[in-house]
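Now for the letters of each chain:
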Amino acid sequence: MDTLDYSGRRCFLKTVGAVGAAVALPNSVDAAPDEIGLHARALKKGMFFGCSVSVPVLRADPRFRAAVLKDCGIVVPENELKWSRVQPAPDRSALNFTFADYIYKFVQQNGLQLRGHTLVWSSGVPAWAQRQMGDMKSATAAAGFLQMHVADVVRAWRGRVVHWDVVNEPVAEDAKSSIWLDKLGEAYIDMAFQVARENDPGALLVLNQNLVEMDDSYQGSLRKKLLLLLERLLKRGVPVDAVGIEAHLSSDLKVAVKEYTSLLREIERMGLKVIVTELDVWDGRMSGSVAERDKAAAQVVKDLLDISFSFKNCLGALAWTLTDLYSWYHETPKKWRQDGEINRPGLLDSNYSRKAMWNAVASAFDAAPVR
Ligand code: XIL
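The model shown is predicted, which means the values in this text are computed figures rather than measured ones.

What follows is about the overall build of the chain. Looking only at helices and strands, one finds 14 helices and nine strands in the chain. Taking 2.2 N^0.38 as the reference for a compact globule, 371 residues should give roughly 21 Å; the C-alpha atoms of the chain span a radius of gyration of 20 Å, in line with that estimate. Principal-axis analysis of the C-alpha atoms places the extent of the chain at approximately 60 × 45 × 40 Å. Per-residue burial for the chain yields a buried fraction of 56% across its 371 residues. Partitioning the intrachain contacts of the chain with sequence separation of at least 6 by distance along the chain shows that 80% fall at a separation of at least 24. Surface summary for the chain: the accessible area is close to 15,500 Å², and the carbon and sulfur share equals 54%. Each charge class in the chain can be summarised by its mean position, and for the 46 positive and 45 negative side chains these summaries are 2 Å apart.

Here's what the structure looks like:
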């Protein structure tokens, strides 16, 4: 059963669809179909480019599928591998990969690569699992519970993904908001990576982190915490291969050029790879015309990617939305713009035309050194 609520997104889709029909949108995916796509540009540098996908959108929108095939060499299920999706009920017979498998089929049919997202996170955990975890009396029982989930998912999909986001957003403001940290301490991270490695030895294992890119004191504190965490994990021999930089950027902030560069330098020094995993730009607080807003968004993307791609251990990037038409920012009213305009977090607009952000990504790949 589909447990995530798509109502906000569906609603938005319907609205845009209706407007689109009224103004008779062109059928072509974009205005310059012969121009080289983003993954093709990335490949020239030994890198990759991709985006998140979801089953409702893949099913409903052939233009989205075409846009993915034009610009992407890799995709990641937006929600379909999260705990609440793969095991909505406590009985292990409830394990259900139907939605994720739909994406796997799309990937196979089109010769794409796939990322696995995400095995352990404080979010996306079904209520039954949170309750069960909360009731656990011993650390051994809690560890077994977590390990079983990771093993179940990784075994079911062994060999299908090139990367697993093993632990998502471990460094946060309120450490106690994670049931895993609460019950198991930091050892939950060690366990998750070890079980992932044992069950899918061929996959690159990623620690995926948000909010470490911008010039902002909170993000500055997360950068420090992230480095300290990575150091401890590596010292304990935890099999972390790469750091995912989520890159949910905000166009009313600047990229912390110096601090982000030194974060990546430290990660490189530790021998880890880097992937930009969820690139998008929230422009909910930006005023100005659409062109001005898009220009500001493109600038933060350019600043972020120019730094990221200058490091040869940075393997590639994925957008969390390819088009403004679908975005997690449309799901949450507190992310909506006060002026009633839609957020424009994507590389393509709602009509699948390229925006300034698409050009920023293209030129960052063009400027990247060959791996
Ligand atoms: C988001 C999805 O886009 C939404 O559809 C869902 O309601 C909540 O999760 N960081 C992550 C992603 O690692 O899994 C999140 O995805 C966005 C933030």
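A separate point is the nonpolar core. Residues F49, F64, V68, W164 and W180 are the most contacted members of the largest nonpolar core, which totals 111 residues. At nine residues, helix α8 (residues 139-157) tops the list of elements feeding residues into this core. W164 has contacts with L81, G116, L119, V153, V154, W157, D200, A203, L204, L205 and V206, leaving out every residue within four places of it along the chain. In terms of nonpolar packing, the next biggest core, distinct from the first, is built from nine residues, F48, L204, L318 and W320 among them.

So, about the site of the ligand. What surrounds the ligand is a group of 14 residues, the closest being E78, K82, H117, E278 and E331. Taking E169, its side chain carries an N or O atom lying 3.0 Å from a nitrogen atom of the ligand. Within the side chain of W320, an N or O atom sits 3.0 Å from an oxygen atom of the ligand. Calculation on the ligand without its partners gives an accessible area of 410 Å², and the protein chains cover 87% of this total. Per-class residue counts for the shell around the ligand are three nonpolar, four polar and seven charged.

Describing two packed helices takes the angle between their axes plus the distance from one axis to the other. At a minimum axis separation of 10 Å, helix α12 (residues 257-269) and helix α13 (residues 290-310) run at an interaxial angle of 30°. Accordingly, the angle class assigned to the pair α12 and α13 is roughly parallel. Like other packed secondary-structure pairs, α12 and α13 cross with a definite hand, here right-handed. Taking contact as the criterion, the partners of V257, Y260, T261 and L264 in α12 are, on α13, L304, I307 and S308.

Time to look at empty space enclosed by the protein. Evaluation of the coordinates by the stated rule reveals two cavities of 30 Å³ or more. Here the largest cavity defines a volume of roughly 80 Å³. Lining the largest cavity we find 13 residues, and of these S52, E78, W320, T321 and Y326 sit closest to its centre. Looking at side-chain class alone, the lining of the largest cavity contains seven nonpolar, four polar and two charged residues. What lines the second largest cavity is K82, W83, T118, L119, V120, W121, S123, G124 and V125. The element contributing the most residues to the lining of the second largest cavity is strand β3 (residues 113-120), with three residues. When its residues are assigned to classes, the lining of the second largest cavity shows five nonpolar, three polar and one charged.

What follows concerns helix α4 (residues 62-71). Helical geometry note: an α-helix holds 3.6 residues per turn, so side chains three or four residues apart project in the same direction. Taken as a whole, α4 has its buried residues at R63, F64, A67, V68 and D71. Down the axis of α4, the sector holding all buried residues measures 140°, keeping them to one side. In this structure, the buried residues of α4 make contact with α2 (38-44), β1 (48-53), α3 (55-60), β2 (74-77), α6 (98-110) and α14 (356-367). The distance from a side-chain oxygen at the start of α4 to the backbone nitrogen of R63 is 2.9 Å, and the residue carrying that oxygen is D61.

Looking now at the state of the cysteines. Scanning the model with the defined rule gives zero disulfides in all. Free cysteine: C72, not disulfide-bonded; nearest cysteine sulfur from C51 at 3.8 Å. Residue class for C72 comes out buried when judged on its relative accessible area of 5%. Distance from the sulfur of C314, which forms no disulfide, to the nearest cysteine sulfur (C72) is 16 Å.

In this section: the packing of helix α11 (residues 217-235) against α12. Across the interface, α11 lies against α12 with an axial gap of 11 Å and an inter-helix angle of 5°. Between α11 and α12, the angle falls in the class roughly parallel. Mapping the contact onto sequence places R223, L226, L227, L230 and E231 in α11 and E259, Y260, L263, E266, I267 and R269 in α12. Among the residues forming the contact of α11 with α12, the class breakdown is six nonpolar, no polar and five charged.

Tallying each qualifying case throughout the model produces 18 salt bridges. With its nearest N and O atoms 2.6 Å apart, the salt bridge here joins D190 to R236. Within this pair, whereas D190 is found in helix α10 (residues 187-199), its partner R236 is found in the loop between α11 and β6 (242-245), the two being separated by 46 residues in sequence. Across the salt bridge formed by D241 and R197, the nearest N and O atoms sit 2.8 Å from each other. Taken together, the residues D241 in the loop between α11 and β6 and R197 in helix α10 connect sequence positions 44 residues apart.

With 90% of its residues at a pLDDT of at least 70, the chain reaches an overall mean of 90. Segment residues 1-31: pLDDT under 50, and 42 contacts once partners within four positions in sequence are set aside and those in other chains are kept.

Thresholds applied
Every chain's residues receive numbers from 1 upward, in the order its sequence appears when written. For this predicted model, a pLDDT threshold of at least 70 governs which residues receive local features, and a threshold of 80 or more governs which side-chain atom pairs are given and counted, while totals over whole chains, interfaces and linings are taken from all residues. Neither water nor hydrogens contribute to the side-chain values; these are computed over all heavy atoms in the structure. Only DSSP runs of H or I covering at least 4 residues are called helices, and only runs of E covering at least 2 are called strands; the numbering of each starts at the N terminus. As a reference, a globule follows 2.2 Å times the number of residues to the power 0.38, and the radius of gyration itself is taken over C-alpha atoms. Exposure classes here rest on a 1.4 Å probe applied to the protein chains alone. A residue is buried below 20% of its type maximum, exposed above 50%, and partly exposed in between. The contact definition used throughout considers only heavy atoms, calling two residues in contact when any of these lie within 4.5 Å. Computed with the Shrake-Rupley method and a 1.4 Å probe, the accessible areas treat only the protein chains shown as cover for residues. Asp and Glu are treated as the negative residues and Lys and Arg as the positive ones, with His and the ends of the chain left uncounted. Positions of charges follow a simple convention, taking NZ of Lys, CZ of Arg, CG of Asp or CD of Glu. Residues belong to a common nonpolar core when they are buried Ala, Val, Leu, Ile, Met, Phe, Trp, Tyr or Cys residues joined through side-chain atoms within 4.5 Å. Near, as used in this document, describes a residue that has one of its heavy atoms within 4 Å of the molecule or strand being considered. In the analysis that follows, any N or O atom pair within 3.5 Å is treated as a polar contact, provided that within protein one partner can donate a hydrogen and the other can accept it, and provided that, for residues neighboring in sequence, both atoms belong to side chains. Note on residue classes: Ala, Val, Leu, Ile, Met, Phe, Trp, Tyr, Cys and Pro are nonpolar, Asp, Glu, Lys and Arg are charged, and everything else, Gly too, is polar. Only the stretch in contact is used when fitting a helix axis, every axis being a line fitted to C-alpha atoms; angles between N-to-C directions are given from 0 to 180 degrees. Angle categories: roughly parallel below 35 degrees, roughly antiparallel above 145, roughly perpendicular from 65 to 115, and oblique for all the rest. Handedness of a crossing is defined here by the sense of rotation of the near helix relative to the far one, left-handed for an anticlockwise turn of less than a right angle and right-handed for a clockwise turn. The definitions used throughout rest on a 1 Å grid laid over the protein atoms alone, on which a cavity is an enclosed set of points accommodating a 1.4 Å probe that cannot get out and a pocket is an open set flanked by protein within 12 Å on both sides along at least five of seven lines; lining residues are those having an atom within 4 Å of a point. Grid points are joined across faces, edges and corners, and a volume is the space filled by probe spheres set on the points. Think of it as the arc spanned by the lines of direction from the helix axis to the C-beta atoms. Only a pair of cysteine sulfur atoms within 2.5 Å counts as a disulfide in this structure description. Definition used for salt bridges: Asp or Glu carboxyl oxygen within 4 Å of a side-chain nitrogen of Lys or Arg. For every residue, the predictor assigns a confidence score, pLDDT, that lies between 0 and 100.

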